[in-house]
Amino acid sequence: MSDNANKYNFPSSETGGVKPMSIRGIFEREHRRLSDDFNDEERLWRKQWIKDQKLSPNEPRPVSQEWIRETRNPIRRFLSKPWELLEAKMTPVTGVNVAGTFRYLVPKLMVVTAFVYVAWYHLKYNQNNWQRGYGWKVVTNKPTVFPGDDNFPAKRERFQPNDYYESGFKSRKVFLDLEKKEW
């Protein structure tokens, strides 16, 4: 098999079926280190392990432009460029964390806000009524009324068969003169 065929042959778990183990060893907890089992050799191992956890001065390494060019498509790079420039201008003033959070959240909030506005506009101006057969059909339920409430029993809103699914036809402002003519 080629390497490309094995590239996507992932195991069914994070550890590939091997039981996970802690790299800290059995003495990761302080009360175990205070016991008699913790000897000088393990103290040296623990000291070296703690020293190894410290990052070198050049870490964490910044993401290179070459890596971004290789992993992101051109549209994503184009759309993220203004936010990268804004983040670069904000970083000296607000700090890395605030600028990064701003760059991450604001574009997403703008997309959500635009989606809400488009949905609201569509619901408001494209309702399904007697003039068109498409759009949203906005229906409200009857209010729930319990015994003991002021408006119990609830009054009926529909009395005639043509009251059901009338889609605003009775409240129209046009073609009122046609109703008076007898055909």
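Residues numbered from 1 in each chain as written. Predicted model: local features only at pLDDT ≥ 70, side-chain atom pairs only at ≥ 80, totals over all residues. Heavy atoms only, no water.

Draft legend 1. Examining the UniProt feature "transmembrane region" (unreviewed entry) in the protein chain more closely. As annotated in UniProt, the feature "transmembrane region" (unreviewed entry) corresponds to residues 104-123 in the numbering used here. Structurally, residues 104-123 comprises 100% helix and 0% strand, and the distance from its first C-alpha atom to its last is 30 Å. (UniProt positions renumbered as here; feature names shortened; annotations may be inferred. Helix = DSSP H or I, 4+ residues; strand = E, 2+ residues; numbered from the N terminus.)

Draft legend 2. View of the environment of arginine 156. Inspection of the secondary structure assignment puts arginine 156 in the loop between helix H6 (96-125) and helix H7 (177-180). In this structure the side chain of arginine 156 is engaged in a polar contact, spanning 2.8 Å, whose partner is the backbone oxygen of arginine 158. (Polar contact = N/O pair within 3.5 Å; in protein donor to acceptor, adjacent residues only side chain to side chain.)

Draft legend 3. Representation of the packing of helix H5 (residues 74-94) against H6. Where H5 contacts H6, the axes come no closer than 8 Å and their chain directions differ by 145°. At the point where H5 passes H6, the crossing takes the right-handed sense. Of the residues in H6, those in contact with Ser80, Trp83, Glu84, Leu86, Glu87, Met90, Thr91 and Thr94 of H5 are Val96, Val98, Ala99, Gly100, Phe102, Arg103, Val106, Pro107 and Met110. Residues belonging to the contact of H5 with H6 are distributed by class as follows: 10 nonpolar, 4 polar and 3 charged. (Axes fitted to C-alpha atoms, helices over the stretch in contact; angles between N-to-C directions. Left-handed = near helix turned anticlockwise from the far one by under 90°. Contact = heavy atoms within 4.5 Å. Nonpolar A, V, L, I, M, F, W, Y, C, P; charged D, E, K, R; others polar.)

Draft legend 4. The side chain of serine 167, seen in detail. Note on placement: serine 167 falls in the loop between H6 and H7. According to the relative accessible area criterion, serine 167 is buried, its value standing at 12%. A distance of 3.4 Å separates polar atoms of two side chains, one belonging to serine 167 and the other to lysine 137. Excluding anything up to four places from it in sequence, serine 167 contacts Asn129, Trp130 and Lys137. (Buried < 20%, exposed > 50% of the residue type's maximum accessible area, 1.4 Å probe, protein only.)

Draft legend 5. Fine view of the pattern of salt bridges. Applying the stated criterion across every chain yields a total of 5 salt bridges. Linking glutamate 84 and arginine 72 is a salt bridge whose minimum nitrogen-to-oxygen distance equals 4.0 Å. Here arginine 72 lies in the loop between helix H4 (65-71) and H5 and glutamate 84 lies in helix H5, a separation of 12 residues in the sequence. Across the pair lysine 170 and aspartate 163 runs a salt bridge whose closest N-O atoms are separated by 2.2 Å. (Salt bridge = Lys/Arg side-chain N within 4 Å of Asp/Glu carboxyl O.)

Draft legend 6. Region of the structure containing H5. Here H5 is 21 residues long and its end C-alpha atoms lie 29 Å apart, about the 30 Å a rise of 1.5 Å per residue gives. Here H5 starts with a cap whose side-chain oxygen sits 3.2 Å from the backbone nitrogen of isoleucine 75, and that cap is asparagine 73. Two residues or fewer past H5, glycine 95 is found with a positive phi of approximately 105°. (Expected span 1.5 Å × (residues − 1).)

Draft legend 7. Up close: unusual backbone geometry. Look at the link from phenylalanine 152 to proline 153: it is a cis peptide, with omega at -10°. Phi is positive for tyrosine 165, which is not a glycine, with a value near 50°. For tyrosine 165, the position within the fold is in the loop between H6 and H7. Here the phi dihedral of serine 167 falls at roughly 50°; this positive angle occurs in a residue that is not glycine.

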